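# Coordinate inspection notes
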Amino acid sequence: MDANQNGSQQPPPQSDQTASPPPQSPPPPQSAPTPVGAVTADDRTNGMLCHLLSIPLGFLGPLIIWLMKKDQSKFVDDQGKEALNFVITVMIASFLTCGIASLVGIVFLIIGAIEANKGVWYRYPFSIRFIK
């Protein structure tokens with residue numbers, strides 16, 4: 001009579017494989033340095049301000065932020081120049097169109113601020129590149 005038939009149970013046969021060590025926990029996360037060219041939250045805020053401050057302050061808003069931050073962030077340097085170029089372009093166009101271009105300019109400045117806040121390297125659809 002077989003041992004399994006009389007009610008006694010045998011342990012399953014052991015495999016010939018050696019036991020693997022228990023999985024190790026992953027190393028604790030280390031704070032990674034910010035990659036070169038990465039857009040930080042501070043960069044996004046300053047880039048957004050370059051665009052938004054153009055509405056009440058004209059070219060002075062982006063000029064001030066750009067001069068203060070251009071050496072600290074490539075993103076703010078780029079967005080400050082972009083906002084300055086656009087505001088100067090809109091000022092010239094507004095003079096020629098008796099202010100109608102200012103309304104269109106405000107809409108594009110708000111769009112630029114929203115995109116800069118997302119970290120997008122925004123380009124206005126029309127702008128003369130006075131500052132490069």
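This structure is a prediction, so every number in the text was calculated from the model and none was measured.

## Concerning the packing of aromatic side chains
Applying the stated criterion to the full structure yields six aromatic pairs. The interplanar angle of 85° and the centroid separation of 5.2 Å between the aromatic rings of Phe75 and Trp121 together place this pair among those described as edge-to-face. Taken as a pair, Phe75 in helix H4 (residues 74-96) and Trp121 in the segment after helix H5 (100-118) lie far apart in primary sequence, 46 residues in all. You can call Phe75 buried: its relative accessible area is 2%. Here Trp121 falls in the partly exposed class, since its relative accessible area comes to 39%. Within the aromatic cluster, the residues linked to one another by ring pairs are Phe86, Phe108, Tyr122, Tyr124 and Phe126. Above the plane of the ring of Trp66 lies Lys70, whose end atom (NZ or CZ) is 4.7 Å from the centre.

## Examining the confidence of the model for the chain
Residues with a pLDDT of 70 or more make up 72% of the chain, whose mean pLDDT is 84. Low pLDDT, under 50, characterises residues 28-34; the stretch is placed with one contact to residues that sit more than four places away or in other chains.

The rules behind each value
- Residues numbered from 1 in each chain as written.
- Predicted model: local features only at pLDDT ≥ 70, side-chain atom pairs only at ≥ 80, totals over all residues.
- Heavy atoms only, no water.
- Phe/Tyr/Trp six-rings, centres within 6.5 Å; stacked < 30°, edge-to-face > 60°.
- Helix = DSSP H or I, 4+ residues; strand = E, 2+ residues; numbered from the N terminus.
- Buried < 20%, exposed > 50% of the residue type's maximum accessible area, 1.4 Å probe, protein only.
- Lys NZ or Arg CZ within 6 Å of the ring centre and 35° of its normal.
- pLDDT = per-residue confidence, 0-100.
- Contact = heavy atoms within 4.5 Å.

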